[in-house]
Number of protein chains: 2
Amino acid sequence: MGKEKSSFQLKVPKGTKDWEGKDMVIRDKIFASITDVFKRHGAVTIDTPVFELKEILSGKYGEDSKLIYDLADQGGELCSLRYDLTVPFARWLAMNSSIQNIKRYHIAKVYRRDQPAMTKGRMREFYQCDFDIAGTYDPMLPDAEIIRITCEIFQSLGWEGRYTIKINHRKILDGIFQVCGVPTDKLRAISSAVDKLDKSPWAEVRREMTEDKGLDAEVAERIGEYVTLKGGKELLERLLKDEKLSANESAKAGLADMDLLFTYLQTFDVLDKISFDMSLARGLDYYTGVIYEVVTEGSAPQTSEGQALQSAGKKESKPKKHASNIDGEEDRSNDPSVGVGSVAAGGRYDNLVSMFSGKQQIPCVGISFGVDRIFSITKQRLAADASAAAIRTNEVDVYVMAFGGKGFDGLLPQRMAVAKRLWDAGVKAEFSWKVKPKLPQQFKAAEVNGVPFAIILGDEELAAGKCKIKEMGLAEGHPEKDGVLIEMENLEAEVLKRIGRPAGVTDSLAEGVNGMSLEEAAKTEPKTS
Amino acid sequence: MGKEKSSFQLKVPKGTKDWEGKDMVIRDKIFASITDVFKRHGAVTIDTPVFELKEILSGKYGEDSKLIYDLADQGGELCSLRYDLTVPFARWLAMNSSIQNIKRYHIAKVYRRDQPAMTKGRMREFYQCDFDIAGTYDPMLPDAEIIRITCEIFQSLGWEGRYTIKINHRKILDGIFQVCGVPTDKLRAISSAVDKLDKSPWAEVRREMTEDKGLDAEVAERIGEYVTLKGGKELLERLLKDEKLSANESAKAGLADMDLLFTYLQTFDVLDKISFDMSLARGLDYYTGVIYEVVTEGSAPQTSEGQALQSAGKKESKPKKHASNIDGEEDRSNDPSVGVGSVAAGGRYDNLVSMFSGKQQIPCVGISFGVDRIFSITKQRLAADASAAAIRTNEVDVYVMAFGGKGFDGLLPQRMAVAKRLWDAGVKAEFSWKVKPKLPQQFKAAEVNGVPFAIILGDEELAAGKCKIKEMGLAEGHPEKDGVLIEMENLEAEVLKRIGRPAGVTDSLAEGVNGMSLEEAAKTEPKTS
């Protein structure tokens with residue numbers, strides 16, 4: 001579509017796309033599933049502007065700052081499109097000092113002038129879905145609830161048994177680096193090298209540490225003994241007994257946190273979803289505590305639990321079919337939204353808000369779901385399911401049609417009146433916008449959209465105060481294949497019975513503000529004249 | 001907030017705002033109400049990028065093009081933030097030539113470098129909510145359905161009896177101008193002057209026509225005889241008998257359309273919401289047929305039906321309290337989203353798509369709801385309603401708390417386990433993130449958020465396999481004021497019974513793709529290994 005050679009290039013900007021049709025339906029279902037879980041845990045949402053003052057974003061993203069989209073200087077303030085949802089959230093917290101704690105979610109688009117790789121799901125405009133808990137609480141309780149929320153979300157998406165949450169702790173990593181003798185000025189570089197262990201073998205990471213980053217070979221060996229470890233509670237217990245780590249303040253504090261977190265995760269019944277992965281480092285500087293990343297089948301080379309990653313990076317004998325767009329991903333370890341091959345990632349960041357406010361410090365912990373990637377995987381899984389081939393793009397319950405013989409006038413007013421009655425009853429209904437539509441055209445319109453029921457009007461039936469209701473798609477020979485006659489006066493009741501919804505309740509009226517619909521609420525206003 | 005004098009200015013860009021708290025809840029309810037109506041009529045949604053190629057927007061907005069936000073030239077394509085949702089929709093239709101008809105809605109932010117007037121609801125970043133029908137159908141049927149949809153939306157918002165849909169037709173206006181003798185080169189200028197009749201008296205509009213725009217005084221007088229008319233079906237019938245108009249091709253075609261539309265609106269039972277207002281002209285050039293604008297109490301000076309507007313523009317004796325932010329609005333008649341004081345506006349535009357595709361022409365008719373303005377009015381109406389003072393910002397059903405005497409350890413694992421069971425049952429639940437919370441703190445947390453029920457754990461009750469469930473806010477002396485004991489094993493059932501939801505059904509699982517939840521859908525995938 002970018003190859004047209006006209007004076008007018010009809011396309012969307014590079015790295016962006018239009019969402020439409022079944023993709024839109026699937027995406028909205030994913031958003032709804034995720035939002036439901038957030039609400040189940042008492043979260044609220046906020047909505048920040050799509051652009052921020054340029055200086056708000058400055059100095060937050062390191063060398064990735066070059067990927068920020070600026071608005072043109074057309075006079076007035078200099079602004080940039082938001083790069084993520086975390087910095088605007090921290091800015092909002094700093095601006096609203098009366099708010100000392102909040103659980104907020106935010107699903108919105110963010111913008112990065114990256115080299116797009118559409119087939120890999122890397123776009124310049126893409127959705128992030130962030131959940132964060134801000135406030136001072138007893139240790140690890142919000143952290144544990146975030147892990148629990150993450151598990152509920154992947155369960156509601158149908159990923160049960162197909163994902164793993166890798167967990168580590170910044171203080172443990174710092175402690176390990178100190179214990180192994182990494183010079184302070186090399187800490188970030190070594191941490192970044194360790195973070196590549198999910199897709200490079202240890203030998204390659206060790207080479208990078210020693211040859212590229214000038215680390216002493218013995219120090220690298222000592223680091224390797226720790227960071228290639230992964231496992232569950234037994235690994236944690238082993239590290240708690242490690243005398244070198246216990247003697248280090250940072251490692252000791254991190255391990256105590258992890259011990260408490262594991263206890264809570266056990267109570268929340270999600271410990272089996274966790275892999276304590278000591279190679280997980282996360283790129284962003286602002287993490288201060290527990291860090292995590294969610295990987296799914298095929299999102300990273302698989303190794304058995306506890307095994308060192310020496311063999312990782314080799315090609316798997318048979319690449320998994322539904323992981324084609326996440327395998328082979330380039331290094332995005334500096335990407336705060338998703339790690340390499342991960343579908344969600346986050347951690348604790350206790351100092352970010354104070355970068356804005358200076359005065360107050362609000363501890364935060366959060367997670368960002370890579371919803372575009374979750375969408376791609378969900379779509380592929382649905383595509384593999386034959387019954388999902390017929391995902392409907394609209395939700396119409398009833399198609400109102402008419403037919404007749406010679407002299408048939410189309411029964412337009414009658415079709416309109418029936419549609420009106422159905423709408424009034426909260427039924428989703430359509431009819432042909434032709435004065436005299438042909439019956440096959442009307443059936444086709446209903447079939448194309450997978451409409452489950454048809455109301456069929458005819459002169460004779462109407463004269464007798466009746467019409468036909470027909471369930472679409474019934475097999476040949478089914479007793480109701482040709483529909484059943486109903487009384488016109490029972491129209492709404494007959495339809496509602498079949499579509500399984502209570503009479504007189506439309507979606508919009510069923511819930512409102514405080515359980516009161518907006519309609520009711522507005523009516524209660526005392527009249528001012 | 002823009003007045004802080006620090007080295008770092010902590011604010012959002014001019015003309016933008018953060019949405020949060022109760023505002024966010026009300027806004028989301030409005031969006032949900034509107035979306036439900038769209039879906040009831042079989043609409044689908046599409047989502048286009050927030051920025052378009054600059055050339056896509058060029059030449060679409062006349063002199064308002066100066067209000068378009070451009071992105072900085074950082075190499076690559078030149079882009080601009082979208083100015084409305086109509087042009088991106090037309091661009092999308094032109095790009096997807098296989099789509100010959102669609103009913104689509106789109107709720108999203110648009111951007112205008114206007115002088116912001118926050119108290120009047122004029123922002124630089126604001127929401128539009130558009131519904132459009134594209135495709136070739138029999139005359140006036142989609143047009144009638146859009147009016148019907150508009151009425152359903154305002155009914156669902158609780159505005160019944162408080163709004164009027166002003167309707168006119170471009171071809172009738174053109175015909176009137178021709179019949180009255182307006183020179184072709186003055187047509188747009190005169191049309192624009194007529195559009196001001198909703199807030200200026202005829203004498204002022206006539207002065208503008210003759211003095212500012214050089215129209216012959218007699219021609220102006222003749223125009224005045226028509227454009228000051230408003231009314232219902234009787235006005236239409238009067239015009240149908242007007243010999244001068246009947247002799248004009250354009251007026252004749254427009255009046256025939258209106259006649260058909262009125263018939264359809266009668267069938268849809270919404271004719272009483274309509275005012276045929278011959279002063280309505282709408283600023284945008286691209287309208288080709290019926291045009292409409294929705295006004296609500298106080299959104300424009302009120303005149304009785306059919307009365308000429310000579311007296312309009314005078315101050316009303318007592319301004320309506322809840323209309324303070326829409327009275328006194330500046331001229332925004334060129335604003336494609338909302339007219340002067342209107343809360344929704346639109347019309348038929350049959351030629352816009354061909355501006356992009358050149359080849360094909362897809363007739364369109366649509367409406368744009370000024371949701372920010374609808375929000376302001378709804379909020380004021382809710383504020384006038386005492387019971388709405390307690391709008392909840394989250395939706396938590398149950399707060400899980402614990403209390404005990406000396407030696408009380410906080411029962412944290414027990415509170416967590418209860419919360420977990422409730423979440424598993426789809427119940428929205430919270431508990432204190434303190435190891436040993438005080439009972440008053442827990443009650444306060446529940447009360448602040450208006451949580452309807454508390455589960456109260458105590459050592460003694462737990463030892464007997466029981467806990468207490470308490471409905472919050474019961475009056476002193478109510479027999480269940482202190483809660484009732486329930487069996488721990490019946491926890492979920494007892495809670496679900498009280499919050500009125502069926503057991504085991506969470507929101508996210510209740511509906512999914514094709515009525516199948518994403519969870520079920522994903523499980524049906526044939527295993528690929």
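Residues numbered from 1 in each chain as written. Chains lettered and ligands numbered in written order. Predicted model: local features only at pLDDT ≥ 70, side-chain atom pairs only at ≥ 80, totals over all residues. Heavy atoms only, no water.

- Per an unreviewed UniProt entry, chain A goes by the name Histidine--tRNA ligase, mitochondrial and belongs to Oleoguttula mirabilis.
- According to the UniProt record, the Sequence similarities (unreviewed entry) comment for chain A is "Belongs to the class-II aminoacyl-tRNA synthetase family."
- In its Function (unreviewed entry) section, the UniProt record describing chain A reads: "Catalyzes the aminoacylation of histidyl-tRNA in both the cytoplasm and the mitochondrion." (UniProt positions renumbered as here; feature names shortened; annotations may be inferred.)

1. Considerations on helix H4 (residues 141-156) of chain B
Residue and element names in this part refer to chain B.
- The terminal C-alpha atoms of H4, which comprises 16 residues, lie 23 Å apart, in line with the 22 Å expected from a rise of 1.5 Å per residue.
- Where burial is concerned, most of H4 is hidden: 15 out of the 16 residues are buried.
- One or two steps after H4, the chain reaches Gly-158, where phi turns positive at roughly 80°. (Helix = DSSP H or I, 4+ residues; strand = E, 2+ residues; numbered from the N terminus. Expected span 1.5 Å × (residues − 1). Buried < 20%, exposed > 50% of the residue type's maximum accessible area, 1.4 Å probe, protein only.)

2. Brief notes about the interface of chain B and chain A
- Counting from both sides, the interface comprises 127 residues of chain B and, opposite them, 127 residues of chain A.
- Summed over both partners, the interface of chain B with chain A buries about 11,400 Å², with 59% contributed by carbon and sulfur atoms.
- On the chain B side of the contact with chain A, B:Arg40, B:Trp423 and B:Trp433 bury the most area, a combined 8% of that side's loss.
- The tally of links between chain B and chain A comes to 14 salt bridges.
- Residue B:Arg27 pairs with A:Asp47 through a salt bridge whose shortest N-O separation is 2.8 Å.
- Seen at the junction of chain B and chain A, the total is 44 residue pairs in polar contact (both at pLDDT 80 or more).
- Across the side of chain B that touches chain A, the residue classes tally to 57 nonpolar, 27 polar and 43 charged. (Contact = heavy atoms within 4.5 Å. Buried area = accessible area lost by both parts, 1.4 Å probe. Salt bridge = Lys/Arg side-chain N within 4 Å of Asp/Glu carboxyl O. Polar contact = N/O pair within 3.5 Å; in protein donor to acceptor, adjacent residues only side chain to side chain. Nonpolar A, V, L, I, M, F, W, Y, C, P; charged D, E, K, R; others polar.)

3. A closer look at the relation of the copies chain B and chain A
- With an RMSD of 0.0 Å, the fit of chain B onto chain A corresponds to turning through 180° and sliding 0.0 Å along the axis. Here the transformation between the copies is reduced to the relation of a two-fold axis.
- Interface residue correspondence from chain B to chain A reaches 99%, placing this contact among same-surface, isologous pairings. (Least-squares fit on C-alpha atoms with pLDDT ≥ 70 in both.)

4. A word on the UniProt feature "binding site: L-histidine" (unreviewed entry) in chain A
All names here are of chain A.
- As annotated in UniProt, the feature "binding site: L-histidine" (unreviewed entry) corresponds to Asp-84, Leu-85, Thr-86, Arg-112, Gln-128, Asp-132, Arg-282, Tyr-286 and Tyr-287 in the numbering used here.
- By the secondary structure assignment, Asp-84 is in the loop between strand S3 (79-81) and helix H3 (86-95).
- What makes Asp-84 buried here is its relative accessible area of 1%.
- A distance of 2.7 Å separates polar atoms of two side chains, one belonging to Asp-84 and the other to Tyr-61.
- Assignment of secondary structure puts Thr-86 in helix H3.
- Taking relative accessible area as the criterion, Thr-86 reaches 9% and is therefore assigned buried.
- When sequence neighbours within four positions are dropped, the list of residues in contact with Thr-86 reads Asp-130, Tyr-286, Tyr-349 and Leu-352.

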